[in-house]
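Geometric and topological summary
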Amino acid sequence: MNPKPAPPSLLTQLRQATRDGHRQLERHPWLAALLERDLSREHYGRLVAAFAGFYQPLEQALAPALALLPAGGYAFMPRTPLLLQDLQDLGAGEPLPCRQLPPQPTGWEALLGTLYVLEGASQGGRVIAPRLARLGLDGDHGGRFFHLCRRRPRDWPAFCELLQHQELGARPGPVLSQACEVFDGLYRHLLDLAPLSHHQEPR
């Protein structure tokens, strides 16, 4: 009798479960335009305002659950202060209020699902941060949020290690569900941005 194959790791399950939501978000016109050569400072500022409006209440809800993280290992770095400082640098106004947040991450599984999205999203800065230089922005002025992965390169590996070590203590279902909800929540929030004008639309 052949032994039963081991189930896929929690990280693999998260990648598979969120693949469609991740692709949908990446293809949103306002995010896709970050990779265009004619990205404007105004467009970037509006997107930072949208991110700030989503991250701020989500991280406020997340804060109590962070106490569940094991001491001495992975530690979450809040994104909201970076986004608010970027907004100030850009003179881009106030955060765009989020009308409907994902379910609050009040338990261990929901915490892991939320952190997977937040830490994974920061990795996009590896591609986006260099493009901000064309706008005169960097990790010290206007581009702090997208430079975080350069400032803290160990955060993503440390989080992946946390997932690996905690797999037996977490039920996959709620972790995957929360991650999908966060992706979907950010996508819905970006829909509140006005449509791009014709000359701004990604080609």
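Use the structure listed above.
About the criteria used
- Residues numbered from 1 in each chain as written.
- Predicted model: local features only at pLDDT ≥ 70, side-chain atom pairs only at ≥ 80, totals over all residues.
- Heavy atoms only, no water.
- Axes fitted to C-alpha atoms, helices over the stretch in contact; angles between N-to-C directions.
- Helix = DSSP H or I, 4+ residues; strand = E, 2+ residues; numbered from the N terminus.
- Parallel < 35°, antiparallel > 145°, perpendicular 65-115°, else oblique.
- Left-handed = near helix turned anticlockwise from the far one by under 90°.
- Contact = heavy atoms within 4.5 Å.
- Nonpolar A, V, L, I, M, F, W, Y, C, P; charged D, E, K, R; others polar.
- Expected span 1.5 Å × (residues − 1).
- Buried < 20%, exposed > 50% of the residue type's maximum accessible area, 1.4 Å probe, protein only.
- 1 Å grid on protein atoms, 1.4 Å probe; cavity = no way out; pocket = protein on both sides within 12 Å on 5 of 7 lines; lining within 4 Å.
- Points joined across faces, edges and corners; volume = space filled by probe spheres on them.

On to the packing of helix α3 (residues 41-62) against helix α5 (residues 108-122), then. A pair of packed helices is captured by two measures, namely the crossing angle of their axes and the spacing between those axes. Running from amino to carboxyl end, α3 crosses α5 at an angle of 140°, the nearest separation of the two axes being 12 Å. It follows from the interaxial angle that α3 and α5 lie oblique. Viewed along their axes, α3 and α5 form a crossing whose handedness is left-handed. Of the residues in α5, those in contact with Tyr 55, Leu 58 and Leu 62 of α3 are Leu 111, Thr 114, Leu 115, Leu 118 and Ala 121. For the contact of α3 with α5, the per-class residue count stands at 7 nonpolar, 1 polar and no charged.

The first and last C-alpha atoms of α5 sit 21 Å apart over 15 residues, in line with the 21 Å expected at 1.5 Å per residue. Counting buried residues in α5 gives 13 out of 15 residues, a clear majority hidden from the surface.

Approximately 670 Å³ is the volume attributed to the largest pocket. Taken together, 26 residues form the lining of the largest pocket, with His 22, Glu 26, Gly 120, Ala 121 and Gly 124 sitting closest to its centre. Looking at the lining of the largest pocket, the elements that each hand over two or more residues are α1 (10-26), α2 (29-32), α3, α5, α6 (125-132) and α9 (172-190). Counting residues per element, the lining of the largest pocket draws most heavily on α1, which supplies 6 residues. Estimated volume of the second largest pocket: approximately 150 Å³. Around the second largest pocket, the lining comprises 10 residues; the ones closest to its centre are Gly 73, Tyr 74, Ala 158, Leu 162 and His 165. For the lining of the second largest pocket, the per-class residue count stands at 5 nonpolar, 4 polar and 1 charged.

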